[in-house]
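Observations on the model geometry
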Amino acid sequence: MSTYLVAVVVGLFEHIEDTTSDGVKVRAYCPVGKSDKGEFALNLAVKTLDLFSKYFSTAYPLPKLDMVAVPEFSGGAMENYGLIPYRENEMLYDHLHSTTARKQRVYFQLRYTFPVIQYST
């Protein structure tokens, strides 16, 4: 992995977390009060890591993966090793108020960022 890909995020966030079948800790950091909207992204990330580990016959190389929903982030996402910042509306999904199109957008954005950066060495 390239050593110049480093990410640091500073702000007020709360997080939710889960663990893959291989024991990788996955966390979704969301602006305070919005952690429930990060559950879809978190569940998708865990399933995606499990799927790719099986498909590529290679374990995810880090002990953790953090995703951060950043307000007013200009890019859709930035593929950094172990920490992926997303535009807030590209990661958060409200199952009561968001449209199906929004759910698809979150799905495609998360799936897009994973294989290239996380499994290339």
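As shown above, the structure is provided for reference.
The following refers to the structure shown. (Residues numbered from 1 in each chain as written. Predicted model: local features only at pLDDT ≥ 70, side-chain atom pairs only at ≥ 80, totals over all residues. Heavy atoms only, no water.)

1. What about the nonpolar core?
To be explicit about the condition: Definition used in this section: a nonpolar core is a set of buried Ala, Val, Leu, Ile, Met, Phe, Trp, Tyr and Cys residues joined via side-chain atoms within 4.5 Å. Burial classes: relative accessible area under 20% of the type maximum marks a residue as buried, over 50% as exposed, and values in between as partly exposed (1.4 Å probe, protein chains only). To qualify as a helix, a DSSP run of H or I must reach at least 4 residues; to qualify as a strand, a run of E must reach at least 2; elements of each kind are numbered from the N terminus.
Of all hydrophobic cores here, the largest spans 22 residues; its most connected members are V26, A28, L49, M67, Y86, M91 and L110. For this core, the secondary-structure elements that each account for two or more residues are β2 (25-31), α1 (39-56), β3 (64-70), β4 (83-87) and α3 (100-118). It is α1 that provides the largest number of residues to this core, a total of six residues.

2. Some thoughts on the side chain of T20
Note the cut-off: Any two residues whose heavy atoms approach within 4.5 Å at even a single point are treated as in contact.
With respect to the helices and strands, T20 occurs in the loop between β1 (13-19) and β2. In contact with T20, other than residues within four places in its own chain, are V26, V46, L49 and D50.

3. Quick notes on the environment of E17
Condition: The definition of a polar contact used here is a pair of N or O atoms within 3.5 Å, where within protein one atom must be able to donate a hydrogen and the other to accept one, and adjacent residues in sequence count solely through side-chain atom pairs.
Structurally, E17 is set in strand β1. When near neighbours in sequence (up to four residues on either side) are disregarded, E17 contacts K25, V26, R27 and L42. Side-chain polar atoms of E17 contact the side chain of H15, separated by 3.3 Å.

4. Let's talk about the sheet that holds β4
The strands that make up a sheet are held in pairs by hydrogen bonds between backbone atoms, and each pair lies either parallel or antiparallel. Put simply, the rule reads: Two strands qualify as a pair provided that DSSP identifies no fewer than 2 bridges between them. A fitted line through C-alpha atoms serves as each axis, taken over the contacting stretch for helices, and the angle formed by two N-to-C directions is quoted from 0 to 180°.
Read from one edge to the other, the open sheet built from four strands follows the order β1-β2-β3-β4, with strand pairing classed as mixed. Edge strands, defined here as strands with exactly one partner in the open sheet, are β1 and β4. Averaged over all pairs of adjacent strands, the angle between strand axes in this sheet comes to 20 degrees, irrespective of strand direction. Across the sheet, α1 touches β1, β2 and β3, and the angle it forms with β1 is around 35 degrees.

5. Some thoughts on the pattern of salt bridges
Spelled out, the test is: One speaks of a salt bridge when a side-chain nitrogen belonging to Lys or Arg is within 4 Å of a carboxyl oxygen belonging to Asp or Glu.
Applying the stated criterion to the full structure yields six salt bridges. The shortest N-O distance in the salt bridge between D66 and K64 comes to 3.0 Å. What makes D66 buried here is its relative accessible area of 7%. The salt bridge involving E90 is made with R87; its shortest N-O contact spans 3.9 Å.

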